[in-house]
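Remarks on the overall topology
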Amino acid sequence: MTVTDVSALPPATGGWREGGPPGRRAWLGQAEPLPLESGGSLSGVRLAYETWGRLAPNASNAVLVLHALTGDSHVAGPAGPGHPTAGWWDALVGPGRALDTRRWFVVAPNVLGGCQGSTGPSSPGPDGLPWGPSFPRLTQRDQVAAEVRLADALGIGRWAAVIGGSMGGMRALEWAVGHPERTGSLLALACPAASSAEQIAWGSVQIAAIRTDPGWRAGRYHDAPPGAGPHRGLGIARRIAHVTYRSEAELAARFGREAQHGESPARGGRFQIESYLDHHAAKLARRFDAGSYVALTETMNGHDVGRGRGGVRAALHRAGMPALVAGVDSDRLFPLSQQRELATALPGADHLRVIESPSGHDGFLLETEQVGALVVELLESAG
């Protein structure tokens, strides 16, 4: 690589930038400032979203799908201009699939605070420059409040179902508890009622990795040249996170102690597992924004449906709609005990559903046949 060959260098931010290809996104601009749980407000809010299918005349067939930390609105469809990756649940959305678009109108927003078209740290603030460190700290309730406005704009008074896993499951729970009259049914996958001390610890270590990168520049890095942003810190955060997303048994079976092809760990080379983590770190730096990673991780750390509602059990008692709760048997980030608490406390849930997978937390994304069966079961209860 020469000094002029910048194509191999990671961009300052991998988030979608104004003027970039829109892909299949639509946008909702919100004229009124969004009141925040902290007591302030956020002006100029815009949500990117995608839809599949057609909304029924009485708007009774709308399903809301909510993404995880590094996901976005692109639930289904190929990679292409505007979409750096293929749909993260592509096998579930389309004619004849679990979310059958001949019957259901599927809506997927990019979360507030995200970086793929919605307002977040990398998007323009009031002065036209990226928000950066001025972006306010959010909660799931703030994010759901923005999504309520999206539902209103689309003419959807009540979702037939709200579906989410991991961080998306946290928001799904907030919909069910905060807006039960607008949530016809609920599927909460691989998520807790409140983040635990260990989960907060994992998140805080990842945030520290990003903030200690010299390229972070106190959060004002978005105009840095390629290779000068906080991609190293973001890469470390991704490596840490990815280990928590997969199971020990899977990593042992896939990689063991094998050296990367052509390399010798004894001579400074890498093990296969190190190469695997390096690969995922490099990929994320090209499609995500470090500021959004920090902002969304902080939001996840603050997740607690019982906050100000008399505790978790009292809060979940508000959500009387039909509900399915599922966890992954090998998940070491959000273990089954947390989903068992949800299944016990939600009035509309019968029993915990277990997704069998060697893949750990990521099983909720990878085991599409099992997840699809849960979606079909949920939608049958929704009519």
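Remember, predicted model here, so these are calculated numbers, not experimental data. (Residues numbered from 1 in each chain as written. Predicted model: local features only at pLDDT ≥ 70, side-chain atom pairs only at ≥ 80, totals over all residues. Heavy atoms only, no water.)

**Describing the UniProt feature "binding site: substrate" (unreviewed entry) in the protein chain**
As a reminder, the rule being used: UniProt positions are given in the numbering used here, feature names are shortened, and annotations may be inferred rather than shown by experiment. What counts as a helix is a DSSP run of H or I of at least four residues, what counts as a strand is a run of E of at least two, and both are numbered from the N terminus. Two residues form a contact once any of their heavy atoms are found within 4.5 Å. By the criterion applied in these results, polar contacts are pairs of N or O atoms within 3.5 Å in which, for protein atoms, one can donate a hydrogen and the other can accept it, and in which residues neighboring in sequence qualify only through two side-chain atoms.
When the UniProt feature table is mapped to this numbering, "binding site: substrate" (unreviewed entry) covers Arg-238 and Asp-362. The greatest C-alpha distance among the annotated residues, which extend across 125 residues, is 13.6 Å, indicating that they converge on a single site. Assignment of secondary structure puts Arg-238 in helix α4 (residues 231-245). For Asp-362, the contacting residues outside a window of four places in its chain are His-242, Tyr-245 and Arg-246. In this structure the side chain of Asp-362 is engaged in a polar contact, spanning 3.1 Å, whose partner is the side chain of Arg-246.

**Concerning the pattern of salt bridges**
Side chains bearing opposite charge may pair, as long as their charged atoms lie close to each other. Put simply, the rule reads: A side-chain nitrogen of Lys or Arg and a carboxyl oxygen of Asp or Glu constitute a salt bridge if their distance falls within 4 Å. For each residue, the accessible area found with a 1.4 Å probe, counting protein chains only, is set against the maximum for its type, and the residue is called buried under 20%, exposed over 50%, and partly exposed in between.
Enumeration over the complete set of coordinates arrives at 20 salt bridges. As a salt-bridge pair, Arg-171 and Glu-147 come within 2.5 Å of each other at their nearest N and O atoms. In this pair, Arg-171 is assigned in helix α2 (residues 167-178) and Glu-147 in helix α1 (residues 140-154), connecting sequence segments 24 residues apart. A salt bridge links Asp-278 to Arg-270, with the nearest nitrogen and oxygen atoms 2.9 Å apart. On the basis of relative accessible area, Asp-278 is assigned to the partly exposed category, the value being 24%. Three or more residues joined by partner-sharing salt bridges are found here, namely Glu-37, Arg-141, Glu-174, Arg-307 and Arg-309.

**Some details on the sheet that holds strand β9 (residues 323-328)**
Going by this rule: DSSP-based pairing: two strands are paired if at least 2 bridges between them are found. Lines fitted to the C-alpha atoms define the axes, with helices restricted to the stretch that makes contact. Angles between their N-to-C directions range from 0 to 180 degrees.
Read from one edge to the other, the open sheet built from eight strands follows the order β1-β4-β6-β5-β7-β8-β9-β10, with strand pairing classed as mixed. Each edge of the open sheet is held by one strand with a lone partner, namely β1 (26-29) and β10 (353-355). Pairwise comparison of adjacent strand axes, ignoring direction, gives a mean angle of 25° for this sheet. In this sheet, strand β6 (residues 105-109) lies alongside strand β4 (residues 46-52) in antiparallel orientation, the contact comprising four bridges. From the neighbouring strand, Tyr-49 faces β6, where its bridge partner is Pro-109. Contacting β9 and β10, helix α9 (residues 336-345) runs over the sheet at an angle of about 170° to β9.

**Overview of the pairing of β9**
Selection criterion: Classification remark: right-handed applies to a crossover when, strands pointing away from the viewer, the course from the first strand over the helix to the second runs clockwise.
Counting buried positions along β9 gives six out of six residues, so the element sits mostly inside the fold. In β9, alternate side chains face the same way, and those of Ala-323, Val-325 and Gly-327 on one face and Leu-324, Ala-326 and Val-328 on the other are all buried. Summarising the sheet, strand β8 (residues 186-189) and β9 pair through four bridges and their orientation is parallel. Looking at β9, one finds that Leu-187 is bridged to Leu-324. Inspection of the sheet shows β9 paired to β10 by three bridges, in the parallel sense. Bridging from a neighbouring strand, Ala-326 pairs with Arg-353 of β10. One crossover worth recording links β9 to the parallel β10 by way of α9, and it is right-handed.

**Let's talk about the packing of α1 against α2**
Inclusion rule: Angular relationships are summarised with four words: roughly parallel below 35 degrees, roughly antiparallel beyond 145, roughly perpendicular across 65 to 115, and oblique for the angles in between. Here is the rule for handedness: rotate from the far helix to the near one, and if that takes an anticlockwise turn smaller than a right angle the crossing is left-handed, while a clockwise turn gives right-handed. Residue polarity is assigned by list, with Asp, Glu, Lys and Arg as charged and Ala, Val, Leu, Ile, Met, Phe, Trp, Tyr, Cys and Pro as nonpolar; anything else, Gly included, falls into the polar class.
Interhelical geometry of α1 versus α2 gives an angle of 70° and a closest axis separation of 9 Å. On the basis of their axis angle, the class for α1 and α2 is roughly perpendicular. Here the hand of the crossing between α1 and α2 comes out right-handed. Residue-level contacts link Gln-140, Arg-141, Gln-143, Val-144, Glu-147, Val-148 and Ala-151 of α1 to Met-170, Arg-171, Glu-174 and Trp-175 of α2. Looking at the contact of α1 with α2, its residues break down into five nonpolar, two polar and four charged.

**With respect to the packing of helix α3 (residues 197-211) against helix α7 (residues 290-301)**
As a packed pair, α3 and α7 sit with axes 9 Å apart at the nearest point and diverge in direction by 160°. Put simply, α3 runs roughly antiparallel to α7. For α3 against α7, the interelement crossing comes out left-handed. On α7, the residues that touch Gln-199, Ile-200, Gly-203, Ser-204, Gln-206, Ile-207, Ile-210 and Arg-211 of α3 are Ala-290, Tyr-293, Val-294, Thr-297, Glu-298 and Asn-301.

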